[in-house]
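Structure at a glance
Spelled out, the chains give:
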Amino acid sequence: MSYLIIGASAGLGRSLAYRLAAAGHDLGLVSSDGRDLEAISTDLGARYGVQVVSIAAQVGGEDGYLDELTAVNQRLGGVKGVLFPIGFIFDNDDGTLDPSRAAFVMKTNCLAVMSIVARLLPKLKEKPRAVIVGFGSIAGSRGRGVNVVYAAAKRALASFFESLRIICEGSTVHVQFYVVGFLNTGLSFGRYTPLRKADPDRFAEVVVRNLEHNVNTAYYPFYWRFLCYTLTLLPWNVYKRLKTTGPLA
Amino acid sequence: MKVVAAGRMDVVRLEKSRFVSFDGGVDVYADYQCPDRYRMLHADLGERPRIARGAGYSSAAASLGVSTTIIDMSRFDRILWFNPAERRIAVEAGMTIGDLFRITARNGLWLPVQPGYPAITVGGCIAANVHGKNSATSGTFEACVEDILLFHPKHGEVRIDRTNHYSLFKLTCGGYGLTGIILSAVLRLEPLPGTAVAMERHFVSGCVEALKSVRSLAANGKSTYTWHDAAPVSQTFGRGIVYAGSFVSGDSDILGPMDYRRMTALSRCRFPFSIWSGVRTRAMNSAYRWSEKLQPRATEIPLFKWLYPFAKCPYFFYLFGRQGFCESQVLIPNDRCEGFLQDLQRHIVGKKAPAVCVSLKAFKGTQALLRFDGDGIAVTLFLVRSKEAQEFLQTLDTLTAFWHGIPNVIKDSRLSSSTIRACYPEYTIFREQLHKHDPSRLFQSELSQRLDL
């Protein structure tokens, strides 16, 4: 069995790659950092003896990588699942991002996921059981004063996965979506977080364990379900005062 | 649409955290960077002093400093390539020697020079040019290093080895991380000589008596080290055990129990006070000696346990508690060892120094720059960190210089530049070469500042 990980060179993606390789799965890895990707691919092969095929591509850029992705899918004998632990933030995403940068954030966090799903879904539906795993953010739960475009992209992604679940209902493809709180990755390093950052290795363990189970939408850490629910219930007059100190991820 | 994701490089993000030297002697809050991609290592930190950090197991503060930005290399822990047929492996600097052993041992290979804790990183081993269990025959870590990929903001990435940039290669092996960031290294492996170690115990009544055994056993190719009770009591001082190991193809499964609970410099000092002190030291040393006496004279132990004795039994360090310990390791020329050891005993007992234990190990090599290497006997002493210990260690510095010894820079967090100048003939050469390579001295640590490097 093999899996495809989009955004595999660092953070959660890297942790997922190691967990899946340790479980003996062949992998297709996609990331913009070619040098790191090559290092991870060699390392996984040497440690766990699995086949790793990598594509160095900027998914927020041109779409040429989609053909490579199709080729990798064939080379791995048709992947059993696709995971999207991908995220990208510009530091000055405060509502004043220039259009090209805003488009890049939207594409990396959301549109690229849609493109890849569109390309691979027909093949996944041919499998006896397949899984698509998306990773949203608590940042998408309500509007906010920082990481504005990122939050919008993540909210769009949540909507897309909800629709995807409807589309895949009755098929062999299971759609899982995690709403992720603060994780101790490069994305949150050096940024203030009001709550403790969770360990991406432990989260990856949870995700890999759940691949064989029917999970629809889950929050990690779990308490974010209640916090996000509370945030959505807050009256606007109260919530708007939290806009600069609200969830960052 | 074409956007270069330059935004990711616009800001170098730092966090502040507490860092402690492993002996508890240096405790600082410092900025640190935790890169997990190569491009982050190339990020512009300006002119601020910086130092790369491996796992942080050196007693001296070689990877931290008050005004130094610490670059945590733990995410660079990957195998870049592995060629078992040629017995060579390229690994990133953050790869731990325990992980490396796990991977290479499956192919019947290993690194013959390994320090005693599996979480120590390859980068740290190179930077401190560490020694292993059998320094008399295997030399220091440099012997295993074929080439190094070194990064310095002013010079970029440079591959250094014994033919290209040899002087920089020499300066980096045992350069305490001051020449730049060690990104990766190609290491030479050797066939595993066995799957287990047959360990003999020889009980001795003093350090000088042990010296003869160490020399003869090491000359026979056995990995030899000793343990001695160093509590300041004349009747018991020096009583100890000479351990001599030889490889055997035993029943032990070398890839078996390799898991261990990782101790760190911060977790080591969790215990609020030191158990090692006065009567308790004497009682525990006696108990240890008796427990060893009850063992068969020769036992077979798995290779992992022999290589990393502190992996399964880290309590020796935990028991020093929050106040920490003082470690001193000196290399004394062969013809002066007896005199040094007699003086050492006289001063420990006479000054009632809070010493815990002493260990001896044979060395063979050539001393150069600031490397702990040469022909002689390495004497390691552990003391409970206290005012008395600090005073005694100043006496030890004088003794070391008097007996023409050299102290190990990486093992002692309080050595002064005057002591190092007095003991290391090539101190000035090391300093000059370092300043020539890095005139603005971007790479600094508490160690380099203390030693005026």
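Each value, and the rule that gives it
- Residues numbered from 1 in each chain as written.
- Chains lettered and ligands numbered in written order.
- Predicted model: local features only at pLDDT ≥ 70, side-chain atom pairs only at ≥ 80, totals over all residues.
- Heavy atoms only, no water.
- Helix = DSSP H or I, 4+ residues; strand = E, 2+ residues; numbered from the N terminus.
- Rg over C-alpha atoms; globule rule 2.2 N^0.38 Å.
- Buried < 20%, exposed > 50% of the residue type's maximum accessible area, 1.4 Å probe, protein only.
- Contact = heavy atoms within 4.5 Å.
- Areas by Shrake-Rupley, 256 points an atom, 1.4 Å probe, with all protein chains shown as cover.
- Lys, Arg positive; Asp, Glu negative; His and termini not counted.
- Charge placed at Lys NZ, Arg CZ, Asp CG, Glu CD.
- Domains from an automatic or database assignment.
- Buried area = accessible area lost by both parts, 1.4 Å probe.
- Salt bridge = Lys/Arg side-chain N within 4 Å of Asp/Glu carboxyl O.
- Polar contact = N/O pair within 3.5 Å; in protein donor to acceptor, adjacent residues only side chain to side chain.
- Pairing = 2+ DSSP bridges.
- Axes fitted to C-alpha atoms, helices over the stretch in contact; angles between N-to-C directions.
- 1 Å grid on protein atoms, 1.4 Å probe; cavity = no way out; pocket = protein on both sides within 12 Å on 5 of 7 lines; lining within 4 Å.
- Points joined across faces, edges and corners; volume = space filled by probe spheres on them.
- Nonpolar A, V, L, I, M, F, W, Y, C, P; charged D, E, K, R; others polar.

What follows concerns the overall build of chain B. Scanning chain B from N- to C-terminus turns up 17 helices and 19 strands. What you see for chain B is a C-alpha radius of gyration of 22 Å, in line with the 22 Å of a compact globule of 453 residues. Once the C-alpha set of chain B is aligned to its principal axes, its extents read approximately 80 × 50 × 40 Å. Residues counted as buried form 61% of the 453 residues belonging to chain B. Contacts spanning at least 24 positions in sequence make up 72% of the contacts within chain B whose residues lie at least 6 apart. With the model as given, the accessible surface of chain B reaches about 17,600 Å², and the carbon-plus-sulfur share is 52%. Charge centroids of chain B, computed over 55 positive and 42 negative side chains, lie 4 Å from each other.

All names here are of chain B. In terms of domain boundaries, chain B breaks down into domain 1 (2-72), domain 2 (79-192) and domain 3 (196-423). Computed over C-alpha atoms only, the centres of domain 2 and domain 3 are separated by 25 Å. Taken together, the contact pairs 30 residues of domain 2 with 34 residues of domain 3. Interface of domain 2 and domain 3: buried area, both sides summed, is about 2,800 Å²; carbon and sulfur atoms make up 64% of it. The largest share of the area that domain 2 buries against domain 3 comes from Tyr 117, Lys 133 and Tyr 176, three residues that together contribute 25% of it. For the pair domain 2 and domain 3, the number of links is 1 salt bridge. Taken together, the links from domain 2 to domain 3 amount to 9 residue pairs in polar contact (both at pLDDT 80 or more).

All names here are of chain A. Taken together, 7 strands build an open sheet; the order of strands is 3-2-1-4-5-6-7 and the sheet is parallel. Every other strand in the sheet has two partners, leaving strand 3 (52-56) and strand 7 (217-220) as the edge strands with one partner each. On average, adjacent strands in this sheet sit at an angle of 15° to one another, irrespective of strand direction. Pairing of strand 5 (residues 130-137) with strand 6 (residues 173-180) involves 8 bridges; the strand directions are parallel. Bridge pairing links Val 133 to Gln 176 in strand 6. Here helix 6 (residues 200-210) sits on the sheet and contacts strand 4 (81-84), strand 5, strand 6 and strand 7; the angle it forms with strand 6, its principal contact strand, is near 160°.

Residue and element names in this part refer to chain B. Across all of its chains, the model carries 2 cavities of 30 Å³ or more by this definition. Approximately 30 Å³ is the volume attributed to the second largest cavity. When residues of the lining of the second largest cavity are traced back to their parent elements, those giving at least two are helix 5 (135-138), strand 13 (223-229) and strand 17 (355-363). The residue makeup of the lining of the second largest cavity, split by class, is 3 nonpolar, 4 polar and 3 charged. Residues lining the lining of the second largest cavity come from more than one domain, with at least three contributed by each of domain 2 (79-192) and domain 3 (196-423).

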